[in-house]
Amino acid sequence: MKKNLLLLTAIIALLPSCREKENAIVSETRFKGHTLTEIYLDNIPSDVINMNMSEVFADFSIIPLETNENCLIGAYNKRVRIAGDNIFFGFHGGDKPAVLLRFDVKGNFLNMIGSGGRGPGEHGGYDVYGTIPDEERKRVTVEWFGRLDEGPMTYSYDGTWIESIRYPMILLYGFYKWDEGEWFSCGSASGNIQYERDSVIVVFYNNNGEVTGKIPRSVYPFPASTGYTPGTAISVHEYRGDYKVFSPESDTVYVLSKGKLIPADIIHRGKNAKPYNQYIDPQSVTGKHDIDIVAETVNNYIFTKSVVTKADIREYMPGVWGGAFEADFSLIVADKRQRRAATVTISDDVFGILPAKYELSMFRDIIENRICLPLDAIRFLKMVEDAGADIKDLARLSVSPERLLSLTPDSNPVILTFTLKDHIRLD
């Protein structure tokens with residue numbers, strides 16, 4: 001803990017004076033032989049830049065999923081991941097356990113994975129929170145979400161249950177593979193300490209839930225109190241083979257290693273950022289903002305900014321706070337090399353059907369800088385109609401043109417997929 005504090009102090013001491021950088025948007029700092037990018041949210045221009053999808057993304061494709069009685073997909077939350085020649089499509093089960101379906105990359109149904117129940121390989125989760133495919137061994141680990149006593153489960157691609165994984169503590173954020181038989185999840189870096197996870201940034205563990213490594217928090221609210229302090233999760237993204245962790249308690253992006261966090265970049269959230277690890281009037285959180293890093297390329301950082309517009313917060317018992325929030329979200333793109341950053345909206349000049357201000361939905365579940373956007377058939381057809389588009393023109397982007405042209409409102413969803421470009425220019 002002391003090492004983390006000293007390291008952060010050393011970084012801050014090396015930063016040029018505020019006066020030298022008071023107008024900088026993106027700059028660089030040298031630290032122990034490494035170049036750290038700094039981004040200043042308060043200095044980003046208020047003007048919004050509109051960009052075309054073709055300027056931001058590449059490799060566009062439409063995948064209409066096969067529809068038959070063995071793979072009917074309901075109209076609930078959906079999570080999609082493409083790995084090799086497979087599409088893993090998980091969706092909310094409504095009043096039943098969630099379902100994971102496997103398709104090939106042409107959209108042909110292959111099989112179902114997992115089922116409801118209490119036996120081996122069965123689960124009670126109402127959502128598929130995430131999937132981690134292993135292409136080499138042809139197996140997939142599924143994070144079912146809904147029951148605190150139930151961890152992720154690993155299956156072969158044909159649906160055969162292999163093993164279950166135990167969490168080392170409850171209410172962790174995220175589930176990531178670190179090594180064979182070893183995983184990690186994040187804790188909370190803010191708020192009063194209610195659970196064990198509130199005292200760690202990252203915890204590593206094996207299949208049995210035994211802790212193999214732990215990176216504790218370095219900053220806590222002081223002095224100890226039952227007052228209100230905002231809470232948040234740790235932000236994790238992948239970049240060039242590394243996991244990177246953003247901790248809002250220090251405004252620092254770290255490269256994750258087994259024993260420590262290695263400072264990589266700094267994102268100054270600014271004067272209106274949520275004051276983590278400070279006790280505040282609950283109503284003063286209105287107007288405050290936070291960020292979540294959603295992707296990174298060689299040239300760019302991409303993150304969402306959320307500004308609280310309404311907060312109804314109350315203390316349910318001493319030191320235990322909760323409530324409801326409303327927020328406005330925006331998308332920010334920073335260019336490390338051009339040293340620019342801007343709030344961005346994205347217009348659909350490729351498919352020609354996505355409505356204005358749809359960019360936040362695009363980045364909701366970006367994995368390895370690839371976006372898979374599932375749209376219910378009825379919604380897809382309505383978008384085509386509202387845009388005045390011709391579905392025949394979209395068939396050129398489809399991996400299964402005949403299936404797309406025969407789409408009906410009762411068909412299974414359509415997946416729009418595309419990848420981030422390495423360099424998004426803010427000209």
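Higher on the page you've got the structure.
Below is a short write-up of the structure. Here the structure is a predicted model, which is why all the values come from computation and not from measurement.

## Structural notes on the overall build of the protein
In terms of regular secondary structure, the protein is built from 6 helices and 28 strands. In terms of overall size, the protein behaves like a compact globule, its C-alpha atoms giving a radius of gyration of 22 Å where 427 residues would be expected to give roughly 22 Å. Considered along the principal axes of its C-alpha atoms, the protein spans approximately 60 × 55 × 45 Å. Buried residues in the protein amount to 52% of all 427 residues.

## Quick look at the environment of Thr417
Here Thr417 shows up in strand S28 (residues 414–420). Owing to a relative accessible area of 2%, Thr417 belongs among the buried residues under this scheme. In this structure, the C-alpha to C-alpha distance between Thr417 and Ile62, residues 355 residues apart in sequence, is 6.4 Å. Within the local environment of Thr417, its side chain forms a polar contact with the backbone oxygen of Ile371, the two atoms lying 3.2 Å apart.

## Quick word on the sheet that holds strand S23 (residues 289–296)
The 5 strands are arranged S3-S26-S25-S24-S23 in an open sheet whose pairing can be described as mixed. Since the sheet does not close on itself, it has two edges, and those belong to strand S3 (48–52) and S23, each with one partner. Averaged over all pairs of adjacent strands, the angle between their axes in this sheet comes to 45°, without regard to strand direction. Relative to strand S24 (residues 300–317), S23 runs antiparallel, the two sharing 7 bridges.

## Structural notes on a nonpolar patch on the surface
Together, Leu148, Ile170, Leu171 and Tyr195 make up an exposed nonpolar region whose accessible area comes to about 340 Å². Positionally, Leu171 belongs in the loop between strand S14 (161–164) and strand S15 (173–179).

## Looking at the sheet that holds strand S21 (residues 252–256)
With mixed pairing, 6 strands are arranged side by side in an open sheet as S1-S2-S22-S21-S20-S19. The strands lining the two open edges of the sheet, one partner per strand, are strand S1 (26–31) and strand S19 (235–239). Taking each pair of neighbouring strands and ignoring which way they run, the sheet shows an average axis angle of 30°. As paired strands, S21 and strand S22 (residues 261–268) are joined by 5 bridges and run antiparallel to one another. For Tyr254, the partnering residue across the bridge sits in S22 and is Pro263.

## Re unusual backbone geometry
Where the residue is not glycine, phi is negative for most of them; where a peptide bond is considered, it is trans in most cases. Even without glycine at this site, Arg339 takes up a positive phi of about 60°. Here Arg339 lies in the loop between strand S25 (320–335) and strand S26 (340–347). Relative accessible area serves as the criterion here: at 42%, Arg339 is assigned to the partly exposed category. Here Asn369, not a glycine, exhibits a phi torsion of approximately 60°, which is positive. With respect to the element layout, Asn369 can be found in the loop between helix H3 (359–362) and strand S27 (370–375).

## Notes on helix H4 (residues 377–386)
Taken residue by residue, H4 has Ala377, Phe380, Met383 and Val384 as its buried positions. Across the axial projection of H4, the buried residues extend over an arc of 125°, all falling on one side. Facing away from the buried side of H4 by more than 90 degrees, the exposed set consists of Ile378, Glu385 and Asp386. Looking at the buried positions of H4, the neighbouring elements they touch are S27, helix H5 (391–394), helix H6 (401–405) and S28. One or two steps after H4, the chain reaches Gly388, where phi turns positive at roughly 70°.

## Description of the side chain of Glu143
Topologically, Glu143 is positioned in strand S12 (residues 139–145). With no salt bridge to any partner, buried Glu143 finds its closest opposite charge in Arg79, at an N-O distance of 7.8 Å. Filtering out sequence-adjacent residues up to four positions away, Glu143 remains in contact with Asp127, Val128, Tyr129, Gly130, Pro152, Tyr167, Gly174 and Phe175.

## Structural notes on the pairing of strand S4 (residues 57–64)
Where a strand is regular, its side chains alternate between the two sheet faces. Most of S4 is tucked away: 6 of the 8 residues are buried. In this sheet, S28 lies alongside S4 in antiparallel orientation, the contact comprising 6 bridges. Note on S28: the bridge partner recorded for Ser61 is Thr417.

## What about the packing of aromatic side chains?
Per the counting criterion, the structure on display carries 20 aromatic pairs. Between the NZ or CZ atom of Arg217 and the centre of the ring of Tyr220, over which it lies, the distance is 4.5 Å. Lying across the ring of Tyr239, Lys336 places its NZ or CZ 4.7 Å from the centre.

## Things to note about the side chain of Thr297
Note that Thr297 resides in the loop between S23 and S24. Owing to a relative accessible area of 2%, Thr297 belongs among the buried residues under this scheme.

## Focus on the pattern of salt bridges
Per the counting criterion, the structure on display carries 22 salt bridges. In this structure, Arg197 engages Asp198 in a salt bridge whose closest nitrogen and oxygen atoms are separated by 2.5 Å. Taken as a pair, Arg197 and Asp198 share a single burial class, namely buried. If you follow the salt bridges from partner to partner, you end up with Arg118, Arg147, Asp149 and Glu150 in one network.

Procedures and definitions
- Residues numbered from 1 in each chain as written.
- Predicted model: local features only at pLDDT ≥ 70, side-chain atom pairs only at ≥ 80, totals over all residues.
- Heavy atoms only, no water.
- Helix = DSSP H or I, 4+ residues; strand = E, 2+ residues; numbered from the N terminus.
- Rg over C-alpha atoms; globule rule 2.2 N^0.38 Å.
- Buried < 20%, exposed > 50% of the residue type's maximum accessible area, 1.4 Å probe, protein only.
- Polar contact = N/O pair within 3.5 Å; in protein donor to acceptor, adjacent residues only side chain to side chain.
- Pairing = 2+ DSSP bridges.
- Axes fitted to C-alpha atoms, helices over the stretch in contact; angles between N-to-C directions.
- Patch = residues over 30% accessible without salt bridge, like charges linked within 9 Å, V, L, I, M, F, W, Y side chains within 5 Å.
- Areas by Shrake-Rupley, 256 points an atom, 1.4 Å probe, with all protein chains shown as cover.
- Salt bridge = Lys/Arg side-chain N within 4 Å of Asp/Glu carboxyl O.
- Arc of directions from axis to C-beta.
- Contact = heavy atoms within 4.5 Å.
- Lys, Arg positive; Asp, Glu negative; His and termini not counted.
- Phe/Tyr/Trp six-rings, centres within 6.5 Å; stacked < 30°, edge-to-face > 60°.
- Lys NZ or Arg CZ within 6 Å of the ring centre and 35° of its normal.

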